[in-house]
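Now for the letters of each chain:
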Amino acid sequence: MVLAVDLGGTKTAVARVDEQGRVHGRLTLPAARTLAATAAQLAGAAAALAPCDAVGVIVPGIYNPDTGAAWCPNLWGREEVPLRQALAERLSSDVFIDSDRAGCVLGEAWLGAAAGLRDVVFVAIGTGIGVGILSGGRVVRGAGGAAGAAGWFALTPEWRDVYTEVGCWEAEAAGPGVARRAGLPDAESVVAAARAGDRNALDTLDRAARFTAMGVANLVSAFDPDAVVLGGGFLVGAGDLLLHRIRAEVPRWAQPVAASRCRIELTRLGADAGLLGAARLAWDRT
C-alpha cells in the first residue's frame, strides 16, 4: 500500500491505495492553514489508515524538487515553505511530492481517460487554470517546478489589467472570469442560466470555449500529445455545453498533424484524478 495525499485549497483528501489503484480507506479533512498543522494532520491520517510503504503528496501550487520547497499561497501564504523537510520529520515512510497538475495527469494516464498513454496533457479549469504534462512517460516540471502554469497563456493582443493578477487564459475562461463577464455571482449560475436558454450566458460560455480551444491548441502544437484530458470543477460542470465547442475549434488553431491524431476527452476520474495520481507518484518511486 501507499498513502496518497491531495492537499487542496479547502480540503485534504487522504487514501490508502494498492498497486492496481484500488482504494482501501479514505479520509477527507479540512485544509490546514500552516505548514506545521498540515504535517501534523498528515501524520494523524497516516496513523489512522495504517502503515504504508511510501507517501505521495500533491500540492495546489509549485513544488521545487531541488529544494523541497513549495509555494502554495492559498494554503500557507505567499512565501515558499520547506514542505519536504516538514513531512519527513513527521512521517515514517518515504515521501514523494509534486504539484496537483502533475498528479492529475499521472492519474488520468494510469486509470482514466488517457490510460496507458505516455504523451498526455491534463487541463484543469476551475477557479484557475493549471496544466499537467506527460511527455514520453515523464512529467514535465520545468526548471523550478512551474511548468504547466498555462493560465498565463497570452491568447489575445488586447491587454486587460486583470491579466496582471491571473493571466490571460485564466481571466477569460476560468470560473471567476466567466461569472464576471456574465454579471452573475458564480460560474454555476452562468451554467444554469445557459441551460435555461439565457442568451447572455450562452454567449459568455461560447467565448470561454473559444479561449480554451486556443489554449488547448497551443498545448497540442507544443507537445504533440496523444490525448488532452479536460477536468476541473468549472469545465466538468459545464462539459455538455463546452466540450463540443472546444473540439470543433482546436483544429482551427493547432498544428494540423498534431491536431488530427490527438483525442480531446473529459476526465473519467473527476475529483479523484489528483488523489490517484499522488498514489501513482509514490508507486513510481518505490
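Before reading on, note that the structure itself is shown above.
Residues numbered from 1 in each chain as written. Predicted model: local features only at pLDDT ≥ 70, side-chain atom pairs only at ≥ 80, totals over all residues. Heavy atoms only, no water.

Student: Hey, could you run me through helix H9 (residues 199-223) in this one?
Tutor: Since the α-helix turns once every 3.6 residues, residues separated by three or four places project in the same direction. Here H9 contains 25 residues, and its C-alpha end-to-end distance of 36 Å stays within 8% of the 36 Å for a straight helix at 1.5 Å per residue. Looking one or two residues beyond H9, the residue adopting positive phi is aspartate 224, at roughly 50 degrees. (Helix = DSSP H or I, 4+ residues; strand = E, 2+ residues; numbered from the N terminus. Expected span 1.5 Å × (residues − 1).)

Student: Teacher, can you tell me more about the nonpolar core here?
Tutor: For soluble globular proteins, nonpolar side chains are generally found buried alongside one another. Among the nonpolar cores identified, the biggest contains 49 residues, and Val123, Trp169, Val228, Leu230 and Phe234 are the most heavily contacted of them. It is H9 that provides the largest number of residues to this core, a total of twelve residues. Of all hydrophobic cores here, the second largest spans 31 residues; its members include Ala13, Phe96, Cys104 and Ala278. (Core = buried A, V, L, I, M, F, W, Y, C linked by side-chain atoms within 4.5 Å. Buried < 20%, exposed > 50% of the residue type's maximum accessible area, 1.4 Å probe, protein only.)

Student: Sorry if this is basic, but what is going on with empty space enclosed by the protein here?
Tutor: Space left empty within the atom packing is revealed by a probe, the size of a water molecule, rolled over the atoms. Within this structure, the stated rule accounts for two cavities of 30 Å³ or more. One number sums up the size of the largest cavity: a volume of about 60 Å³. If you trace the largest cavity, you find it lined by Asp98, Ser99, Arg101, Ala102, Val131, Gly132, Ile133, Val139, Val140, Arg141, Gly145 and Ala147. Examining the composition of the lining of the largest cavity, we find that three residues originate from one element, strand E9 (residues 129-135), more than from any other. When grouped by side-chain class, the residues that make up the lining of the largest cavity number six nonpolar, three polar and three charged. (1 Å grid on protein atoms, 1.4 Å probe; cavity = no way out; pocket = protein on both sides within 12 Å on 5 of 7 lines; lining within 4 Å. Points joined across faces, edges and corners; volume = space filled by probe spheres on them. Nonpolar A, V, L, I, M, F, W, Y, C, P; charged D, E, K, R; others polar.)

Student: Would you mind showing me how to read the pairing of strand E2 (residues 11-17) here?
Tutor: One face of the sheet, then the other: side chains in a regular strand alternate in exactly this way. Counting buried residues in E2 gives six out of seven residues, a clear majority hidden from the surface. With six bridges connecting them, strand E1 (residues 2-7) and E2 associate as antiparallel partners. Each residue of the ladder has a partner; that of aspartate 6, found in E2, is alanine 13. Connecting E1 to the antiparallel partner E2 that follows it, the hairpin turn spans three residues. Where E2 and strand E3 (residues 23-30) come together, six bridges link them in antiparallel fashion. Bridge assignment links alanine 15 to a residue of E3, and that residue is arginine 26. Connecting E2 to the antiparallel partner E3 that follows it, the hairpin turn spans five residues, and glycine 21 within it adopts a positive phi of roughly 85 degrees. (Pairing = 2+ DSSP bridges.)

Student: Sorry, what's going on with the sheet that holds E2 here?
Tutor: If you trace the five strands from one edge of the open sheet to the other, you get E3-E2-E1-E4-E7, paired in mixed fashion. Among the strands making up the open sheet, the edge pair consists of E3 and strand E7 (94-99). The sheet shows a mean angle of 15 degrees between the axes of neighbouring strands, direction not considered. Both E1 and strand E4 (residues 54-59) contribute to a ladder of four bridges, which runs parallel. (Axes fitted to C-alpha atoms, helices over the stretch in contact; angles between N-to-C directions.)

Student: What am I meant to see in the packing of aromatic side chains here?
Tutor: The relation between two aromatic rings is expressed through the spacing of the ring centres and the mutual angle of the planes. Scanning all chains against the criterion turns up two aromatic pairs. Ring geometry for phenylalanine 153 and tryptophan 169: centres 5.7 Å apart, planes at 20 degrees, overall stacked. One end of the pair, phenylalanine 153, is in the loop between strand E10 (138-139) and helix H5 (163-166); the other, tryptophan 169, is in helix H6 (residues 168-173), with 16 residues separating them in the sequence. Owing to a relative accessible area of 0%, tryptophan 169 belongs among the buried residues under this scheme. Summarising the aromatic geometry, the rings of tryptophan 159 and tyrosine 163 are spaced 5.5 Å apart at their centres and angled 90 degrees between planes, so their arrangement reads as edge-to-face. (Phe/Tyr/Trp six-rings, centres within 6.5 Å; stacked < 30°, edge-to-face > 60°.)

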